[in-house]
Amino acid sequence: MKEFTTQYFIMKEHDVIEYVKTMLNFFNRDADLTCKEIGDGNLNYVFRVIDQRSNKSLIIKQAGEYARISDEFKLSPNRNRIESEILEYQNKLAPGFVPRVYKYDSIMNCFVTEDLSNYQIMKKALLNHKMFPLFADQITTFLVKTLLLTSDVVEPHKNKKMMVQRYVNPELCAITEDLVYTEPFYDCPRNDVSEVLVDFVREHIWEDSRLVLETAKLKFEFMTKAQSLIHGDLHTGSIFINADSIKIIDPEFSFYGPAGYDVGNIIAHLIFTYLNGLYTIQDNFKRKEFLNYLWTTIEEIIDLFKIKFSNSWDLRATEQVTKYVGFKEYYIDSIIRDASAVCGLELCRRIIGIAHVQDITSITNTTSRTAAEKAAIILGKTFILDRGTIKDGSDFIRILKNTQNSLLEK
Ligand code: SR1
Ligand code: MG
């Protein structure tokens, strides 16, 4: 019999069944429990436990001392204290948009949530070319509620500073500082660039002093701009979706940072899906339909975000100076500019750095994959360098279309 109340250890599937039986009061006494480790992320272990009799199920997420992707990342396993607290907090800010948390265990460094078995991971669904017409509306509601309501625009400043302190997240921020803002932009040994791409990356990224200067400015903004309580890793793999609703998971990178980070991240991953569709869907009609859906979604995310943020600001702003003419527009413009930059950084880092995306790695034809990788890099660079000119959804689409046309002409 394992002891769960004194000594942390990384659980195997059979330990999790024992844990559920001894530490939780969730299943019936006669439950017939099965457990499967279903995590496919870079950091943690995720177990689904199902009672075969009642079909009730739950999820247990446990943090290890090292990231799954590489032992180079030693992390304190209590990081999922932040994650479980953030989920509970986000559920207050944006009710129904995150899974319910049943328990956090500070000894075993795990937490228990509702199972989302009637949802799919959005990245996987998109890679099967499923379309979700409500997504832009849903994600922008979540973004506005979490980003505006936690900012100094709404939150009394003393409370907000306490929140900044409470959710300081140095280890996970260090990963982002290294993997997103630093390593992809020089010839870092930890990068993982395919051989056919190295010369291209050297020419377009590492040797472009104008670009790397901008990444330095952006890195310092990320480290110092405590604007909103951000999710910090909001890609389509962190979203569960079905025809009616979304659930946002995995906020372990959460901290007070630039609000545009979450907006830009989600756009970047829709662009990765776009590149996957562009280079893999053979049927002309289906490809056009899918790419149009993604264009519309990207454009709507930016434009709906701006409208909802602005409307919510009018209703919820408490800080005196937010009422000055022009300040709201200045503030929203700066979020979109930051979103453009983060979109660009993410597009570059998922090609050059250690952590890749399935949208690109699953392209089996090597010529197509290289073409998609080059497109991501050129797009990424443009979104970073041109961020000052990007104001609304149509600007994102303009850059996407121009880059696509110029690359396809070659
Ligand atoms: C060491 S973790 C690598 C990446 O996986 C996470 O999902 C974050 O995106 C991080 O940058
Ligand atoms: Mg994650």
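Scope of this entry: the structure provided in the associated data block. (Residues numbered from 1 in each chain as written. Chains lettered and ligands numbered in written order. Predicted model: local features only at pLDDT ≥ 70, side-chain atom pairs only at ≥ 80, totals over all residues. Heavy atoms only, no water.)

Turning next to the environment of phenylalanine 47. As for its position among the elements, phenylalanine 47 is in strand E2 (residues 45-51). Taking C-alpha positions, phenylalanine 47 is 34 Å from cysteine 188, a pair spaced 141 residues apart along the chain. Apart from the residues within four sequence positions on either side, phenylalanine 47 is in contact with Met11, Lys12, Glu13, Val16, Cys35, Lys36, Glu37, Leu58, Ile59, Ile60 and Gln62. (Helix = DSSP H or I, 4+ residues; strand = E, 2+ residues; numbered from the N terminus. Contact = heavy atoms within 4.5 Å.)

Read from one edge to the other, the open sheet built from three strands follows the order E6-E8-E9, with strand pairing classed as antiparallel. Only two strands of the sheet have a single neighbouring strand rather than two, namely strand E6 (120-121) and strand E9 (246-248). The pairing of E6 with strand E8 (residues 239-241) spans two bridges and is classified as antiparallel. Looking at E8, one finds that isoleucine 121 is bridged to phenylalanine 240. (Pairing = 2+ DSSP bridges.)

What follows deals with the side chain of threonine 113. Summarising the element assignment, threonine 113 is placed in strand E5 (residues 110-114). A residue is classified by how much of its surface remains accessible, and threonine 113, at 8% relative accessible area, is buried. In contact with threonine 113, other than residues within four places in its own chain, are Leu58, Ile59, Leu87, Pro99, Arg100, Val101 and Tyr102. (Buried < 20%, exposed > 50% of the residue type's maximum accessible area, 1.4 Å probe, protein only.)

So, on to the nonpolar core. Judged by nonpolar contacts, the single largest core of 103 residues is most densely connected at Phe135 and Ile271. Top contributing element to this core by residue count: helix H11 (residues 327-352), with 13 residues. Leaving out residues up to four positions away in the same chain, isoleucine 271 has contacts with Ile298, Cys343, Leu347, Leu379, Phe383 and Leu400. With 18 residues, the next largest nonpolar core counts Ile17, Phe27, Leu58 and Cys110 among its residues. (Core = buried A, V, L, I, M, F, W, Y, C linked by side-chain atoms within 4.5 Å.)

Pairing between sheet strands relies on hydrogen bonds along the backbone, with the strands arranged either parallel or antiparallel. Strand order across the open sheet formed by five strands is E1-E2-E3-E5-E4, with antiparallel pairing between neighbours. Looking at which strands have only one partner, the edges of the open sheet turn out to be strand E1 (33-37) and strand E4 (101-105). Taking each pair of neighbouring strands and ignoring which way they run, the sheet shows an average axis angle of 20°. The sheet contact formed by E4 and E5 spans four bridges and is antiparallel. Its bridge partner being in E5, tyrosine 104 is matched across the sheet by phenylalanine 111. (Axes fitted to C-alpha atoms, helices over the stretch in contact; angles between N-to-C directions.)

Compared with an ideal rise of 1.5 Å per residue, which puts 33 residues at 48 Å, helix H10 (residues 284-316) spans 46 Å between its outermost C-alpha atoms and is within 8% of the ideal. Capping the start of H10 is the job of one residue whose side-chain oxygen sits 3.1 Å from the backbone nitrogen of phenylalanine 285: aspartate 283. (Expected span 1.5 Å × (residues − 1). Polar contact = N/O pair within 3.5 Å; in protein donor to acceptor, adjacent residues only side chain to side chain.)

This part takes up the side chain of lysine 328. With respect to the element layout, lysine 328 can be found in helix H11. Here serine 310 takes part through its side chain, which lies 2.8 Å from a polar atom of the side chain of lysine 328. Ignoring sequence-local partners within four residues, the contact set of lysine 328 consists of Ser310, Trp313 and Asp314.

Attention shifts here to the site of ligand 1. Inspection of the region around ligand 1 gives Asn42, Leu43, Ile69, Phe73, Ile175, Leu179, Asp233, His235, Phe253, Arg349, Arg350 and Ala355 as its neighbouring residues. A distance of 2.7 Å separates an oxygen atom of ligand 1 from a polar side-chain atom of asparagine 42. Aspartate 233 places a polar side-chain atom, nitrogen or oxygen, 2.7 Å from an oxygen atom of ligand 1. Burial of ligand 1 by the protein amounts to 95% of the accessible area it has alone, namely 320 Å². Of all the secondary-structure elements, those providing two or more residues to the shell around ligand 1 are helix H6 (170-179) and H11. Residue composition of the shell around ligand 1, by class: seven nonpolar, two polar and three charged. (Near = heavy atom within 4 Å. Areas by Shrake-Rupley, 256 points an atom, 1.4 Å probe, with all protein chains shown as cover. Nonpolar A, V, L, I, M, F, W, Y, C, P; charged D, E, K, R; others polar.)

Within the structure shown, the criterion is met by 26 salt bridges. For the salt bridge of aspartate 359 with lysine 123, the shortest nitrogen-to-oxygen distance reads 2.7 Å. Placement of aspartate 359 in helix H12 (residues 358-361) and of lysine 123 in helix H3 (residues 122-127) is noted, with a sequence separation of 236 residues between them. Summarising the burial analysis for this pair, aspartate 359 and lysine 123 share the class buried. Ionic pairing is found between aspartate 152 and lysine 160, a salt bridge with its closest N-O pair at 2.9 Å. (Salt bridge = Lys/Arg side-chain N within 4 Å of Asp/Glu carboxyl O.)

With respect to the element layout, leucine 75 can be found in the loop between strand E3 (57-62) and helix H2 (79-93). As for leucine 75 and lysine 401, which are separated by 326 residues in sequence, their C-alpha atoms are 41 Å apart. Setting aside residues no more than four positions away along its own chain, leucine 75 makes contact with Leu43, Gly64, Glu65, Ala67, Glu171 and Ile175.

What follows is about unusual backbone geometry. Not every positive phi belongs to a glycine, and asparagine 109 is a case in point at roughly 50°. Within the fold, asparagine 109 resides in the loop between E4 and E5. Even without a glycine there, the phi angle at histidine 129 is positive, about 60°. Mapped onto the fold, histidine 129 is located in the loop between H3 and helix H4 (135-149).

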